[in-house]
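# Examining the three-dimensional arrangement
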Amino acid sequence: EQRALKLLQEAEQQYELQVAQQQGGGGGGGGNNALAEDLADLFELELDKLANQYEMQQRAEMQQSDQQIDQLVEKLKELARRQQQEMERQRRMAQSGQSSSGNSSDAQRQLAEQVEQMKRQLQQLTRNEQQRQQLNDAMQKLQDAANAMRQAAANGSKDGGAQANQALDRLREAQQRLERNQGGRGDRDLQRAQKEAEELANEQKDVAQDVNSLDQTQAGPGRDAKAKALSDRK
């Protein structure tokens, strides 16, 4: 999408260059120059419309990404709760002299698979540069948690639950990274709103100038097309 926008902007520059060369060369007459200017104006209006659509699509994708991160935070809380329960279950069985190595290993492996699945989901949400560092940190914590869970499954109760406890710590740290991402949305959205307000104000000035210019244009197909494009833009 960014490349498409860049190519359109380059095409506009090339077109304006051709118009300028025709005007400088003379010979074409005022009618041809006026038509070329009308076409250039229409092209610019259409490009603005495409750029606005692109911005709206970006905003919608950002909102969807925020919702998915919120869901992942809730899943992380649930996984941390289950890990805590598993550790408590192991502790109770160890105190009573019972062996739970088989069941405990299976539970840790299942939790590790779910944690790695969450990491893959996060990888799909790192397209936005502003949030990339926090999400990368969260992904690393999730991978560390999954590794510790698998090590806990292999060790059983030999390490006294040290690996299982480390996995729980990494899960909580990943949760904190995602919650920081949630907390930074207010500033991000405010900056975006300020930028959009400035862009809208500048665009409104351009529209007003184009309307004044249109009032001085003679009636004809070119004027009608420009009037419709201006109406769409407003």
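Attention now moves to the overall build of the chain. Per the secondary structure count, the chain includes seven helices and zero strands. Going from N to C terminus, the chain has its helices and strands arranged as α-α-α-α-α-α-α. Contacts spanning at least 24 positions in sequence make up 74% of the contacts within the chain whose residues lie at least 6 apart.

Core analysis: the biggest nonpolar cluster contains 23 residues, and L76, V115, L122, L142, M149, L171 and L178 have the highest contact counts within it. With eight residues, helix α4 (residues 129-155) is the largest single contributor of residues to this core. Residue contacts for V115: discarding those within four places in its chain leaves L79, L142, A145, A146, M149 and L171.

This next bit is on the confidence of the model for the chain. Averaged over all residues, the pLDDT of the chain is 79; the fraction at 70 or higher stands at 84%. Ranking the elements of the chain by mean pLDDT puts helix α7 (residues 221-233) last, at 76, and helix α5 (residues 162-183) first, at 86.

Throughout the structure, instances matching the rule amount to eight salt bridges. The salt bridge involving K77 is made with E74; its shortest N-O contact spans 3.6 Å. Remark: E74 and K77 occur in helix α2 (residues 29-95); sequence separation between them is three residues, near one turn of the helix. Overall, E74 belongs to the partly exposed group, its relative accessible area being 47%.

Among the secondary structure elements, A208 is positioned in helix α6 (residues 185-215). For A208, a relative accessible area of 35% translates into the label partly exposed. On a C-alpha basis, the gap between A208 and K234 in space is 9.7 Å, while along the polypeptide they are 26 residues apart.

This part covers the environment of D106. Within the secondary structure, D106 is located in helix α3 (residues 101-123). Overall, the relative accessible area of 43% leaves D106 in the partly exposed class. Distance in space between the C-alpha atoms of D106 and A154 is 9.9 Å, their sequence separation being 48 residues.

Position of L45 among the secondary structure elements: in helix α2. Given the relative accessible area of 9%, L45 is considered buried. Measuring from C-alpha to C-alpha, the distance between L45 and D232 comes to 9.1 Å, with 187 residues separating the pair along the chain. Beyond its immediate stretch of four places on either side in the chain, L45 contacts D210, A229, L230 and R233.

Calculation criteria
Residues numbered from 1 in each chain as written. Predicted model: local features only at pLDDT ≥ 70, side-chain atom pairs only at ≥ 80, totals over all residues. Heavy atoms only, no water. Helix = DSSP H or I, 4+ residues; strand = E, 2+ residues; numbered from the N terminus. Contact = heavy atoms within 4.5 Å. Core = buried A, V, L, I, M, F, W, Y, C linked by side-chain atoms within 4.5 Å. Buried < 20%, exposed > 50% of the residue type's maximum accessible area, 1.4 Å probe, protein only. pLDDT = per-residue confidence, 0-100. Salt bridge = Lys/Arg side-chain N within 4 Å of Asp/Glu carboxyl O.

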